[in-house]
Amino acid sequence: MIIVEGIGHVSIPVSQLDTSIDFYRDIFDFELETKKATEAILSLDAFRIRLVVAEVPDRTLPILSFVMDVDDFTEAISELEEKNVKIIKGPEGTDSGEGLTFADPSQNLIEIFYSN
């Protein structure tokens, strides 16, 4: 068995690097760590994402899911609407909480979720 002590980063394919950097910084407050011609590393506390310029495949499931508390969830929905972010599905309730799925500039799907 391989023992994993942490995750270095999650890679996300993007079509426009600068637009995607701005999106993740503006919506989630990620900080830009490094930037090269075709990729960038952004961090949010100990969590890192790697934006990589690549052909973006069709997506049917969210690539990231952020769990929030109820106040943050309500505020997040308002902020997404104010910033004209494309909401794909929701908000809608499930047995375990409430979720909303939206798209980043490269049409990658992201979910925010409030757990009961």
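Refer to the preceding data block for the structure.
Here is a short report on the structure shown in this document. (Residues numbered from 1 in each chain as written. Predicted model: local features only at pLDDT ≥ 70, side-chain atom pairs only at ≥ 80, totals over all residues. Heavy atoms only, no water.)

## Here's the deal with the sheet that holds strand β7 (residues 97-103)
No. 1: Spatially, β5-β8-β7-β6 is the arrangement adopted by the four strands of the open sheet, whose pairing is mixed. The open sheet has two edge strands with one neighbour each: β5 (64-68) and β6 (87-94). Within this sheet the neighbouring strands show an average axis-to-axis angle of 15 degrees, counted without direction.
No. 2: Sheet topology note: the β7/strand β8 (residues 109-115) ladder contains seven bridges and is antiparallel. Counterpart to E98 in the pairing with β8 is Y114.
No. 3: Seen against the sheet, helix α1 (residues 17-28) touches β5, β7 and β8 and runs at an angle of roughly 10 degrees to β8.
No. 4: Sitting on the sheet, helix α2 (residues 70-82) touches β5, β6, β7 and β8, and the angle it makes with β8 is about 150 degrees. (Pairing = 2+ DSSP bridges. Helix = DSSP H or I, 4+ residues; strand = E, 2+ residues; numbered from the N terminus. Axes fitted to C-alpha atoms, helices over the stretch in contact; angles between N-to-C directions. Contact = heavy atoms within 4.5 Å.)

## Things to note about the pattern of salt bridges
No. 1: Applying the stated criterion across every chain yields a total of six salt bridges.
No. 2: Put simply, R50 and E39 hold a salt bridge, and the shortest N to O gap is 2.9 Å. Placement of R50 in strand β4 (residues 47-53) and of E39 in strand β3 (residues 39-44) is noted, with a sequence separation of 11 residues between them.
No. 3: For R50, a relative accessible area of 23% corresponds to the partly exposed category.
No. 4: With a closest N to O distance of 2.8 Å, K83 and E79 form a salt bridge.
No. 5: The partly exposed category is assigned to K83, whose relative accessible area is 33%.
No. 6: We classify E79 as partly exposed; its relative accessible area is 29%. (Salt bridge = Lys/Arg side-chain N within 4 Å of Asp/Glu carboxyl O. Buried < 20%, exposed > 50% of the residue type's maximum accessible area, 1.4 Å probe, protein only.)

## Some words on the nonpolar core
No. 1: Residues Y24, F28, L51, F102 and I112 are the most contacted members of the largest nonpolar core, which totals 24 residues.
No. 2: Elements with a contribution of two residues or more to this core: β1 (10-14), α1, β3, β4, β5, α2, β7 and β8.
No. 3: A per-element tally of this core places α1 first, with six residues.
No. 4: In this view, I112 contacts F28, F66, M68, F73, A76, I77, L80, E98, G99, L100 and F102; residues no more than four positions away in its chain are not counted. (Core = buried A, V, L, I, M, F, W, Y, C linked by side-chain atoms within 4.5 Å.)

## Focus: unusual backbone geometry
Trans is the prevailing form of peptide bonds, just as negative phi is the prevailing case for residues other than glycine.
No. 1: Cis rather than trans, the peptide bond between G90 and P91 has omega equal to 5 degrees.
No. 2: Mapped onto the fold, P91 is located in strand β6.
No. 3: Residues other than glycine seldom take positive phi values, yet D29 does so here, at roughly 65 degrees.
No. 4: The exposed category is assigned to D29, whose relative accessible area is 58%.

## Comments concerning α1
No. 1: With 12 residues, α1 extends 16 Å from end C-alpha to end C-alpha; this agrees with the ideal 16 Å at 1.5 Å per step.
No. 2: Those residues of α1 not exposed but buried are L17, S20, I21, F23, Y24, I27 and F28. An end-on view of α1 places all buried positions within 160 degrees of arc, on one side of the element.
No. 3: D29 sits one or two residues past α1 and shows a positive phi near 65 degrees. (Expected span 1.5 Å × (residues − 1). Arc of directions from axis to C-beta.)

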